[in-house]
Amino acid sequence: MSERRAGLKGYAEILRYRLGNGEFGSVPVVLGLVLIWVIFQSLNSNFLSPRNLSNLSVDIVGTGMIAVGIVFVLLIGEIDLSVGSVSGFGAVMFAVLNVQKGMAEWLAVIVAVLCGAAIGLVQGFFFARVGVPAFVVTLAGLLGWSGLMLYVLGTSGAVNLDDEGLVAMLTSHYFSDVAVAYGVAALVTAVFFLASYRERRHRRVTGMPYRRLGEIGVRTGVVGVVAFAAAYVLNEFRGLPLALLIFLVVVSGLDFVLRRTSYGRRVYAVGGGAEAARRAGVNVVRVRISVFMVSASMAVVGGLFLASRITSASQTSGTGLLLLNAIAAAVIGGASLFGGHGTTWSAFLGILVIQSIASGMALLGIQAAVQFMITGGVLLAAVVIDSLVRQTQKAHGRA
């Protein structure tokens, strides 16, 4: 295949073809996020202030981590309703082991995450091996792990974490040196360019369509502008938050796993059609179990970040709207409820939308009821777009 057609006309034809085939990508959610920011900034000039954006970048991490795990389950066309309870159980398990039992923090973190993986293994086994619907298995888990959390917590009601401890520092530590944020921005830009160039070279050698160097340069420029603008804003307040840095590393790492490894290709294959994947030699049972293990493990990680934010774990950990927000974030960000479509960046974009709405509402002093209605409307819009995209792709024989 030759290089893509040059000029704006060529790009317009490509865009028209993609939109006609339902290939919207992340465009709707990005446009929606920009619209949300413009509206709230026009209503309150503090919305895009360095302080608010810095707080927003930390607030998205806990629920965002859980949403990243949800994406893996959605990719195979299933759902995990237990992640809220698992996140609370993981936080309580860590707190009890560390504070009450005296276990070292790093070891307590590992044990808590391993407990999450074991939970995912159990739930995945009942779904993939026994054949119990994932909805029922994880609904039972929602109740069961909540009960186990209360049992482990005992009569104490809440366990306060060490303010200077490892877990507390996850959301309280900032890299105040401006060079750190700008260095990360430069690294992100360079890695994006190198990855894009490497993909171009590979596709060119194999005879597949590839992007022009000019297009790669423009895309790299956009990434660079966003990265350095974010670094500038964060440095205007307290610097780069450790929580945000860890979140970006996790999202990027798991995105690499899904896009660039054989395991990721098997996950997408199962989501595209379990029977076809089985005939192609994919161990469907193993893949299904593994995604539930990833989901539960990430739920515990998210629970630790949420506990870090308030430096405690209690009977209310993992309750409330956490489950709904995590699932909504993955779906709003672009992960399909029908399986086979989505990335870990879907969770990042989705939770950014949800938390932006929450932050804007808080600044405006609007009651929570309105926030729920707006978030529900955004979620409905995302699902409608997902359904329309799927119908369009079916009409073109691509789904």
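Keep in mind it's a predicted model, so treat the numbers as computed, not measured. (Residues numbered from 1 in each chain as written. Predicted model: local features only at pLDDT ≥ 70, side-chain atom pairs only at ≥ 80, totals over all residues. Heavy atoms only, no water.)

## Here we look at the layout of surface pockets
- Taken as a whole, the second largest pocket encloses approximately 490 Å³ of empty space.
- In this structure, the second largest pocket is lined by 31 residues; those nearest its centre are D59, T63, L306, T319 and L322.
- Going through the elements one at a time, α3 (50-75), α4 (83-100), α13 (284-310), β4 (312-314), α14 (322-332) and α15 (344-364) are the ones with two or more residues in the lining of the second largest pocket.
- Of all the elements, α13 adds the most residues to the lining of the second largest pocket, at six residues.
- For the lining of the second largest pocket, a count of residues per class yields 13 nonpolar, 16 polar and two charged. (1 Å grid on protein atoms, 1.4 Å probe; cavity = no way out; pocket = protein on both sides within 12 Å on 5 of 7 lines; lining within 4 Å. Points joined across faces, edges and corners; volume = space filled by probe spheres on them. Helix = DSSP H or I, 4+ residues; strand = E, 2+ residues; numbered from the N terminus. Nonpolar A, V, L, I, M, F, W, Y, C, P; charged D, E, K, R; others polar.)

## Describing the packing of helix α10 (residues 242-260) against α15
- Two elements in contact, α10 and α15, have axes separated by 8 Å at closest approach and are oriented at 145°. Every residue of α15 that contacts α10 at F247, L248, V251, S252, L254, D255 and L258 is listed here: T344, W345, F348 and I351.
- A per-class count over the contact of α10 with α15 returns eight nonpolar, two polar and one charged. (Axes fitted to C-alpha atoms, helices over the stretch in contact; angles between N-to-C directions. Contact = heavy atoms within 4.5 Å.)

## Points about α3
- End to end, α3 covers 35 Å across 26 residues, agreeing with the expected 38 Å (1.5 Å per residue, within 8%).
- In α3, a bend of some 40° at G62 exceeds every other bend along the element.
- Within α3, 22 of the 26 residues are buried, which leaves the element mostly enclosed by the surrounding structure.
- Within two residues after α3, G77 carries a phi angle of roughly 80°, on the positive side. (Expected span 1.5 Å × (residues − 1). Bend = angle between axes of the 7 residues up to and from the residue. Buried < 20%, exposed > 50% of the residue type's maximum accessible area, 1.4 Å probe, protein only.)

## A short note on a positive patch on the surface
- Together, R129, R265, R266 and R286 give the surface a local cluster of positive charge.
- Here R129 shows up in helix α5 (residues 105-130). (Patch = residues over 30% accessible without salt bridge, like charges linked within 9 Å, V, L, I, M, F, W, Y side chains within 5 Å. Areas by Shrake-Rupley, 256 points an atom, 1.4 Å probe, with all protein chains shown as cover. Salt bridge = Lys/Arg side-chain N within 4 Å of Asp/Glu carboxyl O. Lys, Arg positive; Asp, Glu negative; His and termini not counted. Charge placed at Lys NZ, Arg CZ, Asp CG, Glu CD.)

## Remarks on the confidence of the model for the protein chain
- Considering every residue of the protein chain, the mean pLDDT works out to 89; 91% of them sit at 70 or more.
- Note on residues 1-7: pLDDT under 50 across the span, and 20 contacts to partners over four residues away in sequence or across chains. (pLDDT = per-residue confidence, 0-100.)

## Here's the deal with the environment of L349
- In this structure, L349 sits in helix α15.
- Judged by relative accessible area, which is 17%, L349 ranks as buried.
- For the pair L349 and D386, spaced 37 residues apart in the sequence, the C-alpha separation amounts to 15 Å.
- With sequence-adjacent residues up to four places away left out, L349 is seen in contact with S26, V29, V30 and G333.

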